[in-house]
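Below are the chains, spelled out letter by letter.
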Amino acid sequence: MAGLNVDDVKVSLQKFGLYDYVVFVLMLLSCVMIGVYFGFLKKKAKKGEAEADYLVGNRQMKIIPVSLSLIASFISGISLLGTPTEIYLYGVQYMYIVGGVISMGFIMMYFYLPVFHNLKLTSTYQYLQTRFDRRMRLFGSILFTLATMAWLPIVIYVPALAFNQVTGINVHLITPIVCVICIFYTCVGGLKAVVWTDVVQTILMFGAMLLIIIKGTLDVGGLSVVIERAKASGRIEGPDLRFDMTTRHNIYSCVIGGVVYWLKTNAVSQNMIQRYLSLPTLASAKKALWTFIFGTLVLLALCCYSGLLIYAKYYDCDPLTTKLAKAKDQLLPLLVMDTLGDFPGLPGLFVAGVFSAALSSLSTGLNSMSAVVLEDFFKPFSNRPLSEKQTIIMRAVVAIFGAICVVLVLVVEKLGSVLQLSMSLGSVSNGPLLGIFTLGVLIPWANGTGAIVGGTIGLLVMIWVCLKAQLAIATGELAFDLKPVDTQGCSYHFIASEPMSMLAINTTSLSIDATPVEPEFALYHISYLWYTTMGALITIIIAVIVSLIVGPNKPDEMNPNLFSPFIQRILVRRRIAAHNQLEMATGGIKEIIQ
């Protein structure tokens, strides 16, 4: 490449040919056909079962498809492209979050999942009305709606960036086309179409990542070369054992903060719970949970290794400094074109895999939105049954919110680092929502007034923290220590438009490793992994205090089915003890009378 400049190299790597477009289009067509099958060809649900069939697959779904759908829904394009970037820029410290993922599985299995599954819910926010009151149901539903609408445009934008990197096609040309296809199959096919397209998309995701890893490792000289270069640059390191909440990632934030973050996104989120509720029994839901966790850990490991592989490939010519990659989330697509570009169809497979991750997250979000809008916004305020209008409402919600997401992509494009942005925006509502559900399943004496006050204060505090943190990043008050990169081995000409010190500010991938200008501690300097924990704790503490002030619930009068199994056992024992005491007292009175 001697004598070439960086623009020439970019053009030479855009080898997305006919076979690649064929593979990509076939993936989209398969999604359309699955939607057509479940929407028009498969036997229609019986009268009165249309809603349950559309939203939870009549609660008769199978474990493996649901597990694969959970993986596809959770591992969005943000994770697929953002995690390798995180490892490339900051090293493997983030991967110790696997401890939080596994811990989340046990906590969810024993404390949260049994409650929602045994109540046969469609929307998790129905639980809030049953446990607290109507205000809480509306509060939770509004928070979910806002958080989902902030997240979905980012989910769409990320794979469009990848497509732009490998083809040069404008982001705003491909985004509407792909979204219309996703809206179509979600709209006509319901949950069954979403789950089975997710199965296809999950297989594509794993296949694409394995292809890149195997071919890329061979190209750089083998696994030993990848490990040696990563170790030499400090990217492979043991867990940071210092307890400092402002440290970007340490063992405490990854495990403790990570388990709380994953609890919200998996244990009480409508996006995920709706799939567990589509399974016929609690035992099958638990099996799906652990299959999901195993699959997610494998995919995270593949993403982590691909980040190390990117460094091994570009260890002496950093593509971010040279601007060979315009955005940091285009590092993995760059590796793909460099590694697989000469093999017709394989870059198309990768792009199909990344778009599959995005489509699964988008379809899941839209399907969940249809459940929440119908169950929490229409039914509670309707004076007569909606039986004839339910299907129309559910499909209209998918179409309208899908169209809004396409428009919001224009906003997301201006907001910088997509991975950090998605995590930070989600944390605004994640903490308060997890706090409210935790109050519900674990603290019987907490009442609706306490929950609404706690949730509101928690939300306001987290809005302030996230806004201040984003402002601090934009102004350079918060800086980020990157792992070393080099450009000494570049074989093409380039002009670095930003010095490395500025790169440290503008290439954040996850969260907040603060090196503040001011010496004193500031609340918004803490790592993003503590955000959900902070919001949940504020909500719970305020709610308990307010409940005690206004008059707490009487646990003995509460429905035991609304609580986690071990709380249920305590309440039942208390009732038995109270009943026995009453019988003894009654017997004593009878003896005295006689």
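This text follows the structure it describes.
What you are looking at is a predicted structure, and each value in this text was computed from that prediction instead of being measured.

Trainee: I keep staring at the nonpolar core and nothing clicks. Help me out?
Mentor: In summary, soluble globular proteins display a tendency toward joint burial of nonpolar side chains. The biggest cluster of nonpolar side chains holds 186 residues, and the ones touching the most others in it are Phe 24, Tyr 276 and Phe 292. Ranked by residues supplied to this core, first place goes to helix α9 (residues 171–220) with 19 residues. Leaving out residues up to four positions away in the same chain, Phe 292 has contacts with Ser 67, Leu 70, Ile 71, Phe 74, Met 104, Trp 262, Asn 266, Met 272 and Tyr 276.

Trainee: How should the pattern of salt bridges be read in this particular structure?
Mentor: One pass over the full model with this rule turns up six salt bridges. With a closest N to O distance of 2.3 Å, Glu 86 and Arg 248 form a salt bridge. Here Arg 248 lies in the loop between α10 (223–232) and α11 (251–267) and Glu 86 lies in helix α5 (residues 77–90), a separation of 162 residues in the sequence. Here Glu 86 matches Arg 248 in class, with each residue buried. With its nearest N and O atoms 2.6 Å apart, the salt bridge here joins Arg 137 to Asp 376. Placement of Arg 137 in helix α8 (residues 134–167) and of Asp 376 in helix α16 (residues 346–378) is noted, with a sequence separation of 239 residues between them. Its relative accessible area of 10% is what places Arg 137 among the buried residues. Residue Asp 376 is classed as buried on the basis of its relative accessible area, which comes to 1%.

Trainee: Where do I start with helix α21 (residues 531–550) in this structure?
Mentor: A turn of α-helix holds 3.6 residues, and therefore any two residues three or four places apart point the same way. Under the 1.5 Å per step criterion, the end-to-end length of α21 is 29 Å for 20 residues, consistent within 8% with the ideal 28 Å. Residues of α21 that are buried: Tyr 531, Thr 532, Thr 533, Met 534, Gly 535, Ala 536, Thr 539, Ile 540, Ala 543, Val 544, Val 546 and Ser 547. Positive backbone phi, approximately 115 degrees, marks Gly 551, located one or two places after α21.

Trainee: What should I look at first to understand the packing of aromatic side chains in this one?
Mentor: A ring pair, where both rings are aromatic, is described by two values, the distance of the centres and the angle of the planes. Within this structure, the stated rule accounts for 13 aromatic pairs. Following the ring pairs from residue to residue traces out a cluster consisting of Phe 116, Tyr 125, Tyr 127, Phe 144 and Phe 437. The ring of Tyr 311 carries Arg 235 above its face, with NZ or CZ at 3.8 Å from the centroid.

Trainee: How should I be thinking about the packing of α9 against helix α13 (residues 282–313) in this particular structure?
Mentor: Between two packed helices, the angle of one axis relative to the other and the distance separating the axes together describe the packing. Following both chains from N to C, one finds α9 and α13 inclined at 30 degrees, their axes separated by 10 Å at the closest point. By the angle between their directions, the pair α9 and α13 is classed as roughly parallel. α9 and α13 meet at a crossing whose hand is left-handed. Contact residues: α9 offers Met 205, Phe 206, Met 209, Leu 210, Ile 212, Ile 213, Gly 216, Thr 217, Asp 219 and Val 220, while α13 offers Gly 295, Val 298, Leu 299, Leu 302, Cys 303, Tyr 305, Ser 306, Leu 309, Ala 312 and Lys 313. Classifying every residue of the contact of α9 with α13 by side-chain character gives 14 nonpolar, four polar and two charged.

Trainee: For this particular structure, what's the right way to read α11?
Mentor: Under the 1.5 Å per step criterion, the end-to-end length of α11 is 22 Å for 17 residues, consistent within 8% with the ideal 24 Å. A bend of about 35 degrees at Gly 258 is the largest found in α11. Counted residue by residue, α11 has 14 buried out of 17 residues, so it is predominantly covered. The opening residue of α11, the one whose side-chain oxygen lies 3.1 Å from the backbone nitrogen of Tyr 252, is Asn 250.

Trainee: In this structure, what is going on with the packing of helix α4 (residues 63–74) against α13? I would like to understand it.
Mentor: α13 packs onto α4 with a crossing angle of 45 degrees between their chain directions and a minimal axis gap of 8 Å. As the angle between them shows, α4 and α13 are arranged oblique. Between α4 and α13 the crossing geometry is right-handed. Across the interface between the two elements, Ile 63, Ser 67, Leu 70, Ile 71 and Phe 74 of α4 pack against Ser 284, Lys 287, Ala 288, Thr 291, Phe 292, Gly 295, Thr 296 and Leu 299 of α13. Of the residues in the contact of α4 with α13, the class split is seven nonpolar, five polar and one charged.

Definitions and limits used
- Residues numbered from 1 in each chain as written.
- Predicted model: local features only at pLDDT ≥ 70, side-chain atom pairs only at ≥ 80, totals over all residues.
- Heavy atoms only, no water.
- Core = buried A, V, L, I, M, F, W, Y, C linked by side-chain atoms within 4.5 Å.
- Buried < 20%, exposed > 50% of the residue type's maximum accessible area, 1.4 Å probe, protein only.
- Helix = DSSP H or I, 4+ residues; strand = E, 2+ residues; numbered from the N terminus.
- Contact = heavy atoms within 4.5 Å.
- Salt bridge = Lys/Arg side-chain N within 4 Å of Asp/Glu carboxyl O.
- Expected span 1.5 Å × (residues − 1).
- Phe/Tyr/Trp six-rings, centres within 6.5 Å; stacked < 30°, edge-to-face > 60°.
- Lys NZ or Arg CZ within 6 Å of the ring centre and 35° of its normal.
- Axes fitted to C-alpha atoms, helices over the stretch in contact; angles between N-to-C directions.
- Parallel < 35°, antiparallel > 145°, perpendicular 65-115°, else oblique.
- Left-handed = near helix turned anticlockwise from the far one by under 90°.
- Nonpolar A, V, L, I, M, F, W, Y, C, P; charged D, E, K, R; others polar.
- Bend = angle between axes of the 7 residues up to and from the residue.
- Polar contact = N/O pair within 3.5 Å; in protein donor to acceptor, adjacent residues only side chain to side chain.

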